[in-house]
Every structure is written in C-alpha cells, then in structure tokens.
Amino acid sequence: MENLIALLVAAPLLGAAVLLCGGRRLDAVGHWIGTALASASFVIGAILFADMLGKDEEHRAVGQHLFSWIPVEGFQADIGFQLDQLSMTFVLLITGVGSLIHVYSIGYMEHDERRRRFFGYLNLFLAAMLLLVLADNYLLLYVGWEGVGLASYLLIGFWQHKPSAATAAKKAFLVNRVGDMGLSIAIMLMFTTFGTFAFGPVLEATGETGEGKLTAIGLMLLLAACGKSAQVPLQSWLGDAMEGPTPVSALIHAATMVTAGVYLIVRSGEIFNAAPDAQLVTTVVGAVTLLFGAIVGCAKDDIKKALAGSTMSQIGYMILAAGLGPIGYVFAIMHLVTHGFFKAGLFLGAGSVMHGMNDEVDMRKYGGLRKYMPVTFVTFGLGYLAIIGFPGLSGFFSKDKIIEAAFAKGGTEGWILGGVALLGAAITAFYMTRVMLMTFFGEERWRNQPTPSPAESDVEPAAEHRGTHAEPHPHESPKSMTIPMIVLAFGSVFAGGFFGIGDRFLHWLEPVTEHAHGHSPLSATTVTLSTMVVLVIGVGLAYLQYGRRPVPVVAPRGSLLTRAARRDLLQDDFNHVVLVRGGEHLTRSLVYVDHTLVDGVVNGTAASMGGLSGRLRKLQNGYARSYAVSMFGGAAILIAATLLMRAV
Amino acid sequence: MNPVNYLYLAALLFTIGATGVLIRRNAIVVFMCIELMLNACNLAFVTFSRMHGNLDGQIIAFFTMVVAAAEVVVGLAIIVSLFRSRHSASVDDASLMKL
Amino acid sequence: MSFPLLTATAALPAIGAIATAAVPAARRTAAKWLALLVSLATLALAVVVLVRFDPDGDRYQLTESHSWIKDFGVRYELGVDGIAVALIALTALLIPFVILAGWHDADPLETHSSRWRPTQGFFALILAVEAMVIISFEATDVFLFYIFFEAMLIPLYFLIGGFGDRAHAGSDEHAAAQRSYAAVKFLLYNLVGGLIMLAAVIGLYVVAGNFSLQEIAEARANGSLDMATNTERWLFLGFFFAFAVKAPLWPLHTWLPNAMGEATAPVAVLITAVVDKVGTFAMLRFCLGLFPEASKWATPAILVLATISIIYGALLAVGQRDIKRLVAYASISHFGFIIMGIFAMTSQGQSGATLYMVNHGISTAALMLVAGFLISRRGSRLIADYGGVQKVAPVLAGTFLIGSLATLSLPGLAPFVSEFLVLVGTFSRYPAIGIIATFGIVLAALYTLVLYQRTMTGPVRPEVSAMPDLRVRELAVIAPLIALLIFLGVYPKPLTDIVNPAVKQTMSDVQKKDPQPEVEAVK
C-alpha cells in the first residue's frame, strides 16, 4: 500500500509533463487529461485513506523511501514520503478540492486558447503541493514549497500579456522568496544543530539542544510561513495575486497553497512547543494579520480582493491557533479544512458571477444578482454563512474553537488574543455581509453602465482577454462550473459539524499533533454566546450601511482608515518607497561605481602605463649615437656596481 | 715585460674607440672606432690567456675576429646603401631606427 | 603501456582544430560538420574516461608520466581525480552544443572576399580552447598546467575580438572598437594574473625543486619539504590571484561583462561555463593541495570577497540593461558561491562547489544560448527592445523561463542542489557569512524574473511580432541541456559519488574536519 504514495505525486506530475511538452496536438484533449490525472490522484488518496482507517492509531503513519537524493558525508538528503493523519488530511483536501477546481476550470477557461497550458500548470501545482505535504524531511518539503511558488507564479501571470498580471506574479514569487530564505536558514540551522533535517530525528531531538537554537529555528520557520501564507509583514502579494484566473485564486490562494504555512508550523510542533518566544511571536503575527486582512477586506470594492483580504484574515486565525501550541494545533488544521471548503466555494462563486458579468469585478457595479444566478446565489450564500460562523455550519465549529483556545492561552495574553479573535469575528461578519449585499441584493447597478474606457481595463482581470464591454447579461454558469460549487457548498455546511461533533477530528489528528485541553477563563458557552453577539453586531452594521441605503456606483471618498485600507493599509506604498525605489537607487549607483571605480582603477592603471611609456618612448629617438651613450652609460653603471659590491 | 701593460694599452685603445663612436658623425669613422674597440678586447683576451696560461682567451679572440669580419661585411653594406639613398655618411642624418 | 586515454581526450580536439582550419574556403559546411563530429568524438572519449574512472580507487587515475624538460624537472604528467573527471565531462558535453548553437555565427558576410575563411577559423578556435581546457584539467604538473592555462588565452582573444556579436546597437566601427576593447581587456587581465602566477610557479620550483603536484603535496604532508610560513603565503597569493582573475572574483571581475557582452552567445558560454571553471578548479587542486596552511590563513579574507561577489554581482545584474551583461553579472554572483564553497573547508561546501561548477555550466549555457537565439532574431541586446515574446514564440519563452529558473536555483533543477550544499557547508562553519549569502537567492529571483517579465510578458511589441519560434537545430541544443538540468536536480547521486571521494582527499590535504552537529558534539 505504501508504494502508492509516490503515485499520488507522480500522477499530476505526469499530467504536467505531458501537457506542457505535448504541444498543440493536445489542445483538444488537454483539459480532460489534466482533470483525469488530478482525479486519479484523488482516487489513490481515497484508497490510502480507507487503508489508513483500517489500521490502529499507532500504525497509521506509513512511509515510502524512494532513493538517496543528495549524499555528501554528514549531509544525507533522501527522497522519501511520509503519510500520517496530518498529511492524509491535506492529501484529501488538495486532491479533492483540486479535482473539483479542475472540473470547474473546464468551463471557466473554455474560450481561452491556452487552456491546455493552464491545466498543465494546475497539475504542476498539485504535484508540488502533494510533495510539500508528503515529504518526510524539510529539504524535500522545501522542493514542494518552492514548487508551489513556481506554479503560483505561472498561474498568477497566466494572462501574461497584461503587465499587471506579470508584475503581480513576479511580486508573489519575490515576496515568497524572502520567506523561502527563512526556510533555508531554518534547514541549515537544523543541520548544524541536529546533523539531519528529516522530520522524525529532528522533532525527537528537540530536547537535546538549548531554547535559543529552537527559537531561532522557530522564527525562521515562521518567516517562511509568513511568506507562503501571506501573513504580516509578507502579506502584500496576496491581493495582487488576484490577477490570476479565478479558479487559481480558489485553489491556490484560498484553499491550499496559502495554508502551507500553517502546515509547516503544525508539522514542526515540537520545535515551537520548546520555544515559547517563537510561539508568542507566531500568535502575535496571527492576531495582527487577522485584523489587518479583515480591515482590508472591508474596504475593497473588487470582489476577489475583498475575498483575498478575508483569506488573509482567516489564515491569521489558523496561525494564531498554531502559535497557541498543543491546545490549538488541531483547531488550526480543522479551520484550515473547513476554510478550504467555504473559501474555495466563495471564490468559485465569485468566478461564476464574473463569468456572467463580462468579467466585471467591481462590486459596486453588481447588485440584485440573486434572480439571475440562483445556484451561484445559494452556494455563495451557504459559503457566506459558513465563514461568518452561523451556528451549525462549518465555520461555526472551527472558528469558535480557535477563539476558545485563544482565551485558554491564559493570562493577559489570553485575554488580548481572545479579544482580537472576537473582534475579528465581528469584522468578518461585517465585510462578508457587505460582499453578499452588494453582489446579490439591492438595485441592479450594472444596468445603463457607461462603457468603461480602455484605461480601466487594466484593473479588470481578463476583460481584455474575453470580451466586450457592452451591458452585461447576467446568466447562470454551465454545469461544469455549478457542480463543483454545489459540492463545496455541501462541505461548507456539513464538514464542521462532521468534524466537530464528538470531537471526531480531534481524535483523528491527536496522535500526530498532540492535544492539550486549555483552561479557559471563560466557559465554552460564554465564548459561543459572545461570538453570536459580535456576529449579530457585524451583520447588523453591514445591513445598516449597505442593505438599507443604496450603494453608490462610484466609491465615496471615505474616512482616512477606509482610504488606507483600500491601499492595503499603505503597506504597498511603504514597500514601493523603501524597497523598490531604494533598491533602484542602490543598483543604479552600484552600476556607476562598478563602471567608474572598480573598472576605473584598472583603466586608470592602464592609462598611466600608457603615459609612462609615452615618456619613455622619447628616449628612443633613432640616433645611433644616443643609443651608444646609453649603452656605455649602462655598462659603466654595471661595472661600477660590480666593483662596489666587491668592495663591500 | 709585465703583461699588465698590455691591459693598459687595451683599455686605452677601447677608450679611444668608445670616444670615437660617441663624438664622430661620419659612419665610416664610427665603424672604424668600433673595430678599434673590438681589437682592444682581443688584445685583452690574448693578454689574459697569457697571464693565466690557458688557451681559452685566444680561442675567444678568434671568434671575435670572425664576428668582426662578418660585422664589417654587413656594416659596410648598410653604410653604402645609406649613402646611396641619402647622399651622406653622417649617422645623425639617419634617425629611422624607431617606431 | 596502456592506451594514453587522457592524452587522447585532449589531443583529439587539438587535431580536429588543425583539420578544421585546413578545410578549403568554399567547403564551409564541411568544416562545421567536421568540428561537430570531432567534439562528439571527444565527448565519447570523455564518457570512456568517466566509465574507466573508479571513484573508490587511487586519488589520481589513468595517469601518464613522461619526462619533458629534464633540466628543470618539468614532466608531462597527467592524472584525474573525481573533480577533474566531472569537469572534463562538462567541457566535452558543452562544446557540441556551443558548436551547434554557433552554427551560423561565423558565416562570412557578403562583403567578405571569397578567400576569407572565418567559419573554419571560428570552429577551429573553439576546438583549440576545448583541447587546452581539457589538458588543464588533466595536468598534475604545475608547469604543464601553467602553459595551457595561459595558452588558452590566445584562441579566446581571437574568438572575442574577431567574432563579435552582430547584434550591436552602435555603428559597425563602434562595434568593432567595443569588441577590441573587450578582447584586449580580457587578455590583459588574464595576462597580469598569469604573470604573477608565473613568478609563483618559479618560486615554487626554487623552494620545492620540482613541479609535480603529487610529489610536492606528498613531501609537504610527510614533512620532508618545509616551507617557511611567509614563503607559502606569497606563493599561495601568486597562484590565487591568477585563478581569482579567471574565476572571476570581486574586484577582479570587470573583464567578464565586457567579454561576454561583446562575444557571440556561444563564445560567451565557452568563457563562463567552461574556461572560467579552470580558475575555480585550480583553486581546489593547486591552492588547497600545494599550500594548505596558507589557504587556511587566507580563508576569512577570501570568504568576505566571495560574499561581496555574490551580493554585488546580483545587485549589478538587477541594474543591467543589456541581456548578456546581465547574465555575466549573474555569473559573477554564482562564481562567488563556488569560491565560497571551496574555502568554507567543509565536505558539503567543496562537493557543492564542484557540483556548482558543473551545474552552473549547464544552466548558464541554457540561459545564454536561448538569449543568443532571442538576440539573433531581433538584432538587439537591450532588454528594453523586447516585450511580449511569449505570445509569438512560446517555446522560446518557455525554455528561457526554465533557464532563468535554473539560474535562480529553483529546487528540482540541478543548481539548487549545489547552491544549497554550498550554503549549508558555509553556514556550518561561518553562520554569519552563510546567512548573508542567502540573500543572494532573493536577489537572483529579482534579476531573473525582471528579465523574464520585461522581455517575454506584456503586450507584444511590433518589432517582435513576426519573431519565429525555436527552430529544430536550436531545440536540439536546448532540450538536452534542460533534460540534464532536471535529471541532475532530481538524481545528482552519480555526480556526487564521483566527487565525494576526491573532496575527502582535499579535506585531508588541508587537514580539516567537518564541524560536528551540536547535538552529537554534546554527546
């Protein structure tokens, strides 16, 4: 059975190779090949899952060693896989949601002449992501880690002819590279500390070294997680990443890749457990991002960017939970899975809306769409209820547990973190209600629109690519798109209850991640009740603002905070001024230095040599007698010197 | 007679030759002065040979004569062709020995 | 006596060079095919060397030794260790691609007279360089090495100065002036380095009494040859300077961007992927082998220079406007990594550095040759003259992207393996330098992706709208290189198996042991 693990990765990898090298011949069938191989991976995952359920808890973790990868003396890197409950959870999420999104893309990308390549990239992503969660050592994880970064780069920039997409792709890769630097330093630290970087030996040996080393490793891992999971301070790429096609946003930038940071932290639990300082920083990063993403999400008019802010915020919850240690690991992963369902569903819904609206993304130009897109409305609505934590739906079970665990951290920290998590829940309710109301309710603001000028087309993904700017005729999407949405909506509704009731998920994951029950200063009921209260406040405020009053088509100026939030809280401006401009000046001055100083010294030497030889040349005047004088003079000096030496 | 005196003579001849090379302009005279220097050397070689009682010096003197003869042939040819092209035998008139 | 395999490997391209040069003017195509066949035959010989080499056997294998200049103790001594075998294989592998990529680079222009034979000369010179590089990797006699180390400058000088890039922004005269400036600069830099090395070679002879690498190293190891500390340091510096010019190390690097910018793309590959490797290889073999104490003494300074090279080269690459100069500065950054790995004095660092030499050769060849194909289509080297190429020539853009990704050391491609080994090896002894060098990987992503974005993406510029995609010949050049990059990225074991024992020997030369992991050190 274990030998099937490699096939999990190999199937989509084969798909990517065939589709990307196959050439135009495969254009007609490319999307079927891609979808078939993604589903094949899901089927293999399901078989392995069934096999795993049949075993006792202690024997569920299996491994497969393929071959020795980089053997150099003490440095032994292997290509080997490890499949335990944690990896299994991810495998099912990745291949399951991945296959659904492949199906969805068949319809969504139907008119794109490069559809074959799109599926090739999607398969490449699946392979890299599966490698990331199946690797049995950090170096192989790093391969998957950068592999998903590459796939994300290719997919964000899929519509490369648009400069904004190409720039967004590059930005995503670069910011991720900063995080990757953290991961590679962490691996190097592990190697010098433990002499290995395989999960098992490293995590078992954490007791044998000092807290300082572990804190350093933990912080570097956190840096990596920040890059991949778009956490403050490396969050700036996620909003721009929405330039990619919507299925990509759903799969990579909502459900799977961006949660890799959470996986990394939970997987390295033993390191963080032994490094309280690193844990504290992790919770702070999570809490700050949670608020940051939520505030940004409130101000964006672009439906995908609003959802991106939400993703950031929800991953903030997960990172917060992961930073809480054993009391939070399970809930971080549980929220990750439920989030995977409802956020993917929301994004697919947004894609479906855009599909029917000529790729318009500005919510101010939506309104009243529930009549025209009933299926999208219902599935999006269920996702909405799930994310705000409506009782009984997925988000309710997973988010509630995180808030409870945050309070259980204890002390002042516990109160602050718990308070932030509650506040976040309120803002989540606010911005999601805003999205819902602006899109599906209210007056039909898309009627009688002036034709957008070409300059605006830059901000609308795919507008140039797809079509005309005439008044949209909203319509429901084809079956290939609605069926995945319906499946995900099922997940959004029932997954939380299935996992949460009877602590089913906790028992499943506990052998891998450990679990400790925290002692919350507030009882579980109090937490749930206060969550309900802030939920009602958030929804109510949004209703007052966007439900009762008409939504202006042109965004009002807004308060200072709104304007800052629209610009991602000025993070980009900071990056631009400090990093981009500063970097430009630095490289330009270095080019100058290289030319004038480093090269100048050499050229100067050459020039002075030339001058010197010009002067010496004058001695050579062509007159035989002057040569004779120098010869005799030279001979005289030599003789004199010889005599002098002898005398001494 | 003390052989050292021959060395004094050789030094004197060499100095006369060298001075001639440096101050005379006529190529033929310069040439003769060079011959004088060569012969001064020959005299010194032969004297040393006598003083040290081995034949090396005399052998070298023969070599020098051969080289000198060859040099005369080449040198005179140069002077003649120089004279033909420039109608002058002054060494200062020819300053083409440079780039 | 057995068949002199090493001599044959070096002599074959040398004979091929003469034969190619002798092909009559009208039979241009025959000359090209002859050169290609000779390079392929050399590759076959190199494969035989690779197979006959036993990684676990003696340090130097397939040795040949003949007396040459008896009075000075100069011998014709050849022998290969694992590092040399790997680099000979790299050289022999890349030359056919260089020849194939430069197939039309030296076709005579219509203005040339019919007796002009540039094509024959071009390919003959490339083969001559190959012969000299291979024998430099094989020589175990310091003097023999020195001769070929210097002699290879001559064909390269003509390759740079005589066969420039036809895509030049300025007028023909301006291009010619730039070209001869680049060629002279290349020659002078390397001659100065060579001169100083010659002094050190003579100094070594005075001290040791012979030129044999093995004898001197043995005598030093068993104490029969005692070198004063200062003497050793001066000799080391003399050798190191020459290798640092060739490698090139900051601040001796400025000849490389000029040379790579002005030469044709295949010649640029020849310089950076093959010839410059002689410099780093010689650091490992001669600097560490002959002067272990001085090497350790100079390590901190060299590591600092290497780190500066890494960061400085990468920053300058970001600021370039010319595609080929950008690749040149990227190479300077990569050579910083190689030198850092050599002088980190750990197994990982040195194995990584050797792998890096091979992998950098392949990855730069891939990137530079595709860049050359691109440049030849548009007739310009300026990044700003391109845009949207991926729309009209997707295969070209795809291969260019893979070359770029290899340059930024994406995991899964070969350069990642070597770069990570170098970083780990350095980090385990000098954590601060390891961390600073890690910034290089972020900058590498910056310059390669900016290059890709500006040339390949965005709206299609009218000048490139009719650009043809890769032709069969060009694909035949790129595809094997890419396949090799992926293979060595996933399964580098065949290479590490050859290199590791040689590195172990080098480590014992300098009497260094890998630092113990902290946990084991406590036990």
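See above for the structure.
Residues numbered from 1 in each chain as written. Chains lettered and ligands numbered in written order. Predicted model: local features only at pLDDT ≥ 70, side-chain atom pairs only at ≥ 80, totals over all residues. Heavy atoms only, no water.

## Some details on the overall build of chain B
Applicable threshold: Numbering of helices and strands runs from the N terminus; a helix is a DSSP stretch of H or I covering at least four residues, while a strand is a stretch of E covering at least two. Using a 1.4 Å probe on the protein chains alone, a residue whose accessible area is under 20% of its type maximum counts as buried, one over 50% counts as exposed, and one in between counts as partly exposed. In what follows, residue pairs with any heavy atoms lying within 4.5 Å of each other are defined as contacts. Only the protein chains shown count as cover for residues, and all accessible areas are computed by the Shrake-Rupley method using a 1.4 Å probe. Positive charge is attributed to Lys and Arg, negative charge to Asp and Glu, and no charge count is given to His or to the chain ends. For the purpose of locating charges, the reference atoms are NZ of Lys, CZ of Arg, CG of Asp and CD of Glu.
The secondary structure content of chain B amounts to 3 helices and 0 strands. Starting at the N terminus, the α and β elements of chain B follow one another as α-α-α. Seen through its principal axes, chain B has C-alpha atoms that stretch 50 × 25 × 25 Å. Taking all 99 residues of chain B together, 28% fall into the buried category. If you take every contact in chain B between residues at least 6 apart in sequence, the share linking residues at least 24 apart comes to 57%. Of the roughly 6700 Å² of accessible surface on chain B, a fraction of 72% belongs to carbon and sulfur atoms. Treating the 6 positive side-chain charges of chain B as one cloud and the 5 negative ones as another, the clouds have centres 7 Å apart.

## Describing the interface of chain B and chain A
Quick reminder of the rule: Any carboxyl oxygen of Asp or Glu that lies within 4 Å of a side-chain nitrogen of Lys or Arg is treated as forming a salt bridge with it. The classification used treats Ala, Val, Leu, Ile, Met, Phe, Trp, Tyr, Cys and Pro as nonpolar, Asp, Glu, Lys and Arg as charged, and all other residues, Gly among them, as polar.
Taken together, the contact between chain B and chain A spans 16 residues of the former and 11 residues of the latter. The interface formed by chain B and chain A holds 0 salt bridges in total. When residues in the side of chain B that touches chain A are grouped by element, the largest group, 5 residues, is from helix H1 (residues 4-23) of chain B. Classifying every residue of the side of chain B that touches chain A gives 11 nonpolar, 1 polar and 4 charged.

## Quick word on a nonpolar patch on the surface
Heads up, the rule is: Only residues whose relative accessible area exceeds 30% and that form no salt bridge enter a patch; like-charged residues are grouped when within 9 Å of one another, and nonpolar side chains (Val, Leu, Ile, Met, Phe, Trp, Tyr) when within 5 Å.
Together, Val533, Ile537, Leu541, Tyr543 and Leu544 of chain A give the surface a local cluster of nonpolar side chains, amounting to about 460 Å² of exposed area. Owing to a relative accessible area of 47%, leucine 541 of chain A belongs among the partly exposed residues under this scheme.

## Some words on the interface of chain A and chain C
Defined as follows: Once two parts are brought into contact, the accessible area they lose, counted with a 1.4 Å probe and summed over both, makes up the buried area. A 3.5 Å cut-off defines polar contacts: any pair of N or O atoms within that distance qualifies, except that in protein one atom must be a possible hydrogen donor and the other a possible acceptor, and neighbouring residues in sequence count only when both atoms are side-chain atoms.
Between chain A and chain C, the contact holds 56 residues from the first and 64 residues from the second. Buried area between chain A and chain C, summed over both chains or domains, comes out near 5200 Å², and the portion from carbon and sulfur atoms is 69%. Three residues, Gln160, Arg177 and Met188 of chain A, lead the burial of chain A against chain C; their summed loss comes to 12% of the area buried on that side. Taken together, chain A and chain C are joined by 2 salt bridges. Taking the shortest distance from any N to any O, the salt bridge between lysine 504 of chain C and glutamate 73 of chain A comes out at 3.9 Å. Applying the counting criterion to the chain A and chain C interface returns 14 residue pairs in polar contact (both at pLDDT 80 or more). Mapped by element, the contributors of at least two residues to the side of chain A that touches chain C are strand S1 (62-72), strand S2 (75-83), helix H5 (138-156), helix H6 (163-194) and helix H24 (571-617) of chain A. Split by residue class, the side of chain A that touches chain C holds 31 nonpolar, 13 polar and 12 charged.

## Some details on the pairing of S2 of chain A
Residue and element names in this part refer to chain A. Put simply, the rule is: For two strands to count as paired, DSSP must find a minimum of two bridges between them.
Here S2 lies mainly inside the structure; 7 of its 9 residues are buried. Bridge analysis of S1 against S2 gives 9 bridges, and the strand direction is antiparallel. Paired with isoleucine 70 across the bridge in S2 is alanine 77. Counting the residues that bridge the hairpin from S1 to S2 gives 2 residues, and of these glutamate 73 lies at a positive phi of roughly 45°.

## Considering the pattern of salt bridges
Counted under the stated rule, the structure contains 24 salt bridges over all chains. We note a salt bridge from glutamate 243 of chain A to lysine 162 of chain A, for which the minimum N-O separation is 3.3 Å. With glutamate 243 of chain A in the loop between helix H9 (236-240) and helix H10 (246-255) and lysine 162 of chain A in the loop between H5 and H6, this pair connects stretches of sequence that are 81 residues apart. Residues glutamate 77 of chain C and arginine 75 of chain C are paired through a salt bridge, measuring 3.8 Å at the closest nitrogen-oxygen approach. In this structure glutamate 77 of chain C comes out as buried when scored by relative accessible area, which is 10%.

## What about the packing of aromatic side chains?
Here is the rule we go by: Within 6.5 Å between ring centres, the rings of Phe, Tyr and Trp (the latter by its six-membered ring) count as paired, and their orientation is classed by plane angle as stacked under 30 degrees, edge-to-face over 60, tilted in between. Criterion for a charge above a ring: Lys NZ or Arg CZ within 6 Å of the ring centre, and within 35 degrees of the ring normal.
Considering all chains together, one arrives at 48 aromatic pairs over all chains under this definition. Between phenylalanine 49 of chain A and tryptophan 508 of chain A the ring centres are 5.5 Å apart and the planes differ by 80°, which places this aromatic pair in the edge-to-face class. Note that phenylalanine 49 of chain A is positioned in helix H2 (residues 30-53) and tryptophan 508 of chain A in helix H21 (residues 504-513), a separation of 459 residues in sequence. On the basis of relative accessible area, phenylalanine 49 of chain A is assigned to the partly exposed category, the value being 25%. Here tryptophan 508 of chain A falls in the buried class, since its relative accessible area comes to 12%. When the ring of phenylalanine 149 of chain C is compared with that of phenylalanine 243 of chain C, the centres are 5.6 Å apart and the planes differ by 85°; the resulting orientation is edge-to-face. Of this pair, phenylalanine 149 of chain C sits in helix H5 (residues 142-151) while phenylalanine 243 of chain C sits in helix H9 (residues 229-246); the two residues are 94 residues apart in sequence, bridging distant segments of the chain. Owing to a relative accessible area of 0%, phenylalanine 243 of chain C belongs among the buried residues under this scheme. An aromatic cluster is defined as three or more aromatic residues linked by ring pairs; in this entry it consists of Trp69, Phe75, Tyr142, Phe191 and Phe197 of chain A together with Phe416 and Phe420 of chain C. Positioned above the aromatic ring of phenylalanine 158 of chain A is the side chain of arginine 114 of chain A, whose terminal nitrogen or guanidinium carbon lies 4.6 Å from the ring centre. When the ring centre of phenylalanine 199 of chain A is taken as reference, the NZ or CZ atom of arginine 267 of chain A above it lies at 5.3 Å.

## So, the arrangement of the chains
When the 2 pairs of chains in contact are ranked by number of contacts, first place goes to chains A and C. What separates chain B from chain C at the closest point of their C-alpha atoms is a distance of 21 Å, and the two make no contact.

## With respect to the side chain of aspartate 276 of chain C
Residues and elements named next belong to chain C. Within the element layout of this structure, aspartate 276 appears in helix H11 (residues 265-290). At 6.7 Å, lysine 246 is the nearest oppositely charged side chain to aspartate 276, a buried residue that forms no salt bridge. Those residues in contact with aspartate 276 that sit more than four places away from it in its chain are Lys246, Ala247, Pro248, Trp255, Leu256, Ile271 and Phe335.

## Quick look at the environment of glycine 53 of chain B
Mapped onto the elements of the fold, glycine 53 of chain B is located in the loop between helix H2 (27-52) and helix H3 (56-86). Measuring from C-alpha to C-alpha, the distance between glycine 53 of chain B and isoleucine 79 of chain B comes to 40 Å, with 26 residues separating the pair along the chain.

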